[in-house]
Structures are given as structure tokens and as C-alpha cells.
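# Inside the fold
Residues per chain are reported as follows:
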Amino acid sequence: MTSLRQLRNQVGYVLASLPLAVVGFAYALLTVVVGGTLALTLLGLPLLSSGVLGARGWGWLHRVLARATLGLRVAGPRPVRRRPGPVGYVRSGLGDATGWRALAYLIVKLPVTVVATAVIAAFLCYPLFLLSHPLWWSHRVALQLGDFFFDTWPKSFLLAAIGAGMLLVGRGLLSLILLLDGLLIRGLLGPTSLDERVDDLEEARALAVDDAAALLRRIERDLHDGTQAQLVALAMKLGLAKEKLSVDAAPEARALVETAHRDVKIAITDLRDLTRGIHPPMLDNGLEAALGTLVARGAVPVQLRVEVRDRPSPAVETIVYYCVAELLTNVAKHATARGATVEVRQHDGLLRVQVGDDGGGGATLGSTAHALPGGGLAGLRDRARTVDGTMRIDSPPGGPTLVTLELPARI
């Protein structure tokens, strides 16, 4: 029963694959021939790029069909990294190795499916007709094969035996063809060893980043709830001691207590600034609340707009907060701007952060006009790259300036 069910699934897979193979072959041929020919005039580059990217969808369809009928589970390849802008779109498509491999599969799939269909017709369907010959003969129906008539029981059973042998051979041939098809699916439609290695590294990197963010948050809470609280208590005691010192007390002792009280208050302020630099406590209430507090105390009027459906990873929230804080500090110090805007939007798993101002412009990665503490704009770019983020700067001379950060919402 299991063998019959497996054979039925194999036949169903081949029959369902045949129209897909024909249409997919035409798609691949049009993409390569038409897109490649028009690419000589540069008009076909967007078409060729779209065709390569669209081949990913065909690959997904064939993987789903193989999983549903044959139980062949092949993980999907890494998603394409789309570059911004029309030129970036073309470059993303032409440089997508996964899309090109999917096109190769569409081209190879047609002959493989045609051979599999021929095997089903010649070694599975026709042998079933031969196996039924004894039934036909028993009802006085003559079966003509070539120029001979088989109307005797021995010859009738001989035909049935031949049909059974052809069924066994056809089943083996079909299994071999589908084994080849499965290897093609794994090799051309699945992730490569490099993709798997990159996925492992990204997973390890994400765990390290999350652990570092959790550690910084724990350090901030320990300093805030422990060391800072002790310093506040010490400042209060020194303040009480200063008040209780009599007028007749030694001037040196009174000066010493006043100095200690002042130094403790300075230490509390420094510690508070340090804890804010480690992890902003405002982020505990979410990114929108933290940015709202940051904008409210800024030196330049800022319009804030946050559209985030799902809360990002803590490490991503921290990066967004510090990038916005440094960019707004930069606007206040160097841009001579009258106002600024901060927009945070979430779309397709990406968090897009845009900080703009109406200042004098001229900001570049290596510029000093928009230099930021800790590495300037290049430092922000490096911070975004720790989570595979990107940063773009649009700052023509005379302004305005728009800095765009794109970060994964989850890592």
C-alpha cells in the first residue's frame, strides 16, 4: 500500500510538473534571450533583472510542489538584498546568484519532466493495458499487437507477465529520474553551503548582539539601583553632616565636608550620564516613547513620526536611539538649521529611520561639518553595519540634509 501511494505521488508530481515545466522554460528562455539581447542597448537590463528576481518565485513554487507530493523538504535560499534606487534594483537582480540558479533549473526541468512523462506513458500506462489482457480475452475480445492475434490463455498470460516486468522497470526508471530532479532542486533551488554558513554566522552574531544588549541593560540597572542609590544616600548624609556642623567647628573640617558633598553630587551626575550612555532607561517604555522624550528636550524644533507595528529587537532599538540622538546633536551644533524631522517606519521586516534638517548641507561620511562624537557619520554607518544595516546621506551644498538608516527590525 505504501509503495502504491508513493508511485501515485510520483506520477502526480510529474503530471503536475509538466505544465509548470513548459511555462517555466518559456519564462527562462524569454528572460535570457530577450533580456540579454535588449541588454546590449541597456534597455533590457531592468527586464533581465526582473526576470532573474522573478525566477525565485518559480523556485519557491517547485519546492512547494516537491514537498507536497514527494515529501522533499528543501529550505529556501537567502532572501535577496535589494539595493535602493533604480540602479540598485538592476544591480540586485543581475548579481543575484540564487535567481540565476533558479533560471538554470527552469531550463533543465523541461527535458527531465518530458523524459519522466515518457517513462510513465511507455512503462506504466501501457503495461497496465497488457496486464488486463487476460480479462479482455476471457470476454472473447481479441487484442492485436503488430500483425499477431493473441487469443490463447498462455499467450495472454505472457503479455501480462511482460506488462508486470515493464511496470517494475518503469518504476525504477521513474525513481531514478525523480532522484535526479531532487538533486537539481537541492542544488539549484536550495541554499548553498556558503548560504548555510552565512546563516550560522548571522545567528551567532545576533545572539552575541542580543547578549551584549542584555548585559549593558543589566549593568545600567545595577549602577542605577545600586551604586547610584548609594551615592545619593551618601550625598544626603554629607548634607545633613554639613548642616549639623556648628559654627565653631574647625574650618578645615567644614571645608572638607563641603568638598566631599560637592564631589559626591558631581559623581552622581557623571554616573547618571554614564548610565544613560550604556542604555537609555527610556527605551524600557518602547522606541516611540524614548524618541519622544529625546525630541522634547532637543535644542532644535523636531517633528517626530513613528510607525512601528511590532517592537524591534532591543539591540536594534538601542542603535536607532543613539543614531537619532547623535544626528540631532549634530544638527543642533553644526547644521545651523531652524528645524528637523525624524521619521521611523517599519516595512517588510526593515526599520527605516530618516533624520532631516533644513540646514546648510554638505554632509559626507568624511566631513567635519557634520562630525559626530565617536567617529562622525562613518561611526554611525559602522554601528548600523553591526546588524547588517545601511546608511545613506543626501546632503547637497546649501541643504537640506537627509540621513537614512535601514536596519532589520529583528536580528
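So, a few notes on the structure that sits alongside this text. As the structure is a prediction and not an experimental result, all values here were calculated from the model.

Right, let's talk about the overall build of the protein for a bit. A tally of regular secondary structure across the protein gives eleven helices and seven strands. Each of the 411 residues in the protein was classed as buried or not, and the buried ones make up 39%. The long-range share in the protein, meaning contacts at least 24 apart out of those at least 6 apart in sequence, stands at 72%. Working note: accessible area of the protein is about 22800 Å², and carbon and sulfur atoms make up 65% of it.

In terms of nonpolar packing, the biggest core is built from 38 residues, with Leu291, Val320, Tyr321, Val324, Leu328 and Val344 touching the most fellow members. Where this core is concerned, the elements lending two or more residues are helix H9 (287–296), strand E3 (302–307), helix H10 (314–334), strand E4 (340–347), strand E5 (350–357), helix H11 (376–385) and strand E7 (401–408). Not counting the four nearest positions on each side in its chain, Val324 is found in contact with Leu291, Leu294, Val342, Val353 and Val355. Listed in part, the 26 residues of the second largest apolar core include Val11, Tyr13, Val52 and Ile177.

Residues Leu29, Leu30, Val32, Val33, Val34, Leu38, Leu47, Leu94, Trp100, Ile107 and Val108 make up a contiguous nonpolar surface patch of about 840 Å² in total accessible area. Breaking the nonpolar patch down by element, the ones donating at least two residues are helix H1 (2–38) and helix H4 (97–131). Sort the elements by how many residues they give to the nonpolar patch and H1 lands first, with six residues. By the secondary structure assignment, Leu94 is in helix H3 (residues 85–94).

Quick look at H10 now. Here H10 spans 30 Å end to end across 21 residues, near enough to the 30 Å set by a 1.5 Å rise per residue. For H10, the tally of buried residues reaches 16 of 21 residues, placing the bulk of the element in the interior. One or two residues past the end of H10 sits Thr336, with phi positive at roughly 50 degrees.

Before going further, it helps to spend a moment on the packing of H9 against H10. For any two helices packed against each other, one specifies the crossing angle of their axes together with the interaxial distance. In the contact formed by H9 and H10, the axes pass within 11 Å of each other and the chain directions differ by 15 degrees. Considering the angle they form, H9 stands roughly parallel to H10. Between H9 and H10 the crossing geometry is right-handed. Residue-level inspection shows Leu287, Ala290, Leu291, Leu294 and Val295 of H9 in contact with H10, the latter providing Glu317, Val320, Tyr321, Val324, Ala325 and Leu328. Its residues assigned to classes, the contact of H9 with H10 comprises ten nonpolar, no polar and one charged.

Further remarks concern the packing of aromatic side chains. All told, the structure shown has two aromatic pairs when counted by the stated rule. Taking the centre distance of 5.8 Å and the plane angle of 40 degrees together, the rings of Tyr27 and Trp58 count as tilted. One end of the pair, Tyr27, is in helix H1; the other, Trp58, is in helix H2 (residues 45–70), with 31 residues separating them in the sequence. Ring centres 5.6 Å apart and planes at 80 degrees place the aromatic pair Tyr321 and Tyr322 in the edge-to-face group. Side by side, Tyr321 and Tyr322 carry an identical accessibility label, which is buried.

Attention now moves to the pairing of E5. Two strands pair when backbone bridges link them, and E4 and E5 are joined in this way by eight bridges, in the antiparallel orientation. Across the sheet, residue Gln346 finds its bridge partner in E5, namely Leu351. Here E4 hands over to E5 after two residues, with Asp348 in that stretch at a positive phi of 55 degrees. When E5 meets E7, the two strands line up antiparallel, connected through eight bridges. In the sheet register, Asp357 faces E7, and the bridge partner there is Thr401.

Here the focus is the packing of H10 against H11. The contact between H10 and H11 brings their axes to 11 Å, and the two run at 170 degrees. Relative to H11, the element H10 is oriented roughly antiparallel. Contacts between H10 and H11 pair Ile319, Tyr322, Cys323, Glu326 and Leu327 from the former with Leu377, Leu380 and Arg383 from the latter. Among the residues forming the contact of H10 with H11, the class breakdown is six nonpolar, no polar and two charged.

Cut-offs applied
- Throughout, a residue's number is its position along its own chain's written sequence, starting from 1.
- Since the coordinates come from a predicted model, pLDDT governs what is reported: local features require at least 70, and pairs of side-chain atoms require 80 or more to be given and counted, while whole-chain, interface and lining totals use all residues.
- Remark: hydrogens and water are excluded; side-chain values derive from all non-hydrogen atoms of the structure.
- Strands here mean DSSP runs of E at least two residues long; helices mean DSSP runs of H or I at least four residues long; both are numbered from the N terminus.
- Accessible area is worked out with a 1.4 Å probe on protein chains only. A residue is then buried under 20% of its type maximum, exposed over 50%, and partly exposed in between.
- A contact between two residues is defined here by any heavy atoms of the two lying within 4.5 Å.
- Areas reported here follow the Shrake-Rupley algorithm with a probe of radius 1.4 Å; residue values treat only the protein chains shown as occluding.
- Definition of nonpolar core: a set of buried residues of the types Ala, Val, Leu, Ile, Met, Phe, Trp, Tyr and Cys, connected through side-chain atoms within 4.5 Å.
- Each patch is built from residues lacking any salt bridge and having more than 30% relative accessible area; the joining distance is 9 Å for like charges and 5 Å for nonpolar side chains (Val, Leu, Ile, Met, Phe, Trp, Tyr).
- The working definition used for a salt bridge is a side-chain nitrogen of Lys or Arg within 4 Å of a carboxyl oxygen of Asp or Glu.
- To estimate how far a helix should extend, the number of its residues minus one is multiplied by 1.5 Å.
- Only the contacting stretch of a helix is used when fitting its axis, a line to C-alpha atoms as for every element, and angles between N-to-C directions run 0 to 180 degrees.
- Should an angle fall under 35 degrees it is taken as roughly parallel, and over 145 as roughly antiparallel, whereas 65 to 115 is taken as roughly perpendicular and any remaining angle as oblique.
- Crossings are sorted by hand: turned counterclockwise from the far helix by less than a right angle, the near helix makes the crossing left-handed, and turned clockwise it makes it right-handed.
- When residues are sorted by character, Ala, Val, Leu, Ile, Met, Phe, Trp, Tyr, Cys and Pro go into the nonpolar class, Asp, Glu, Lys and Arg into the charged class, and all the rest, Gly among them, into the polar class.
- Between rings of Phe, Tyr and Trp, where Trp is taken as its six-membered ring, a pair exists when centres lie within 6.5 Å; planes separated by under 30 degrees are stacked, by over 60 edge-to-face, and by other angles tilted.
- Criterion used throughout: strands pair if DSSP finds at least two bridges between them.

These figures capture arrangement, not role.
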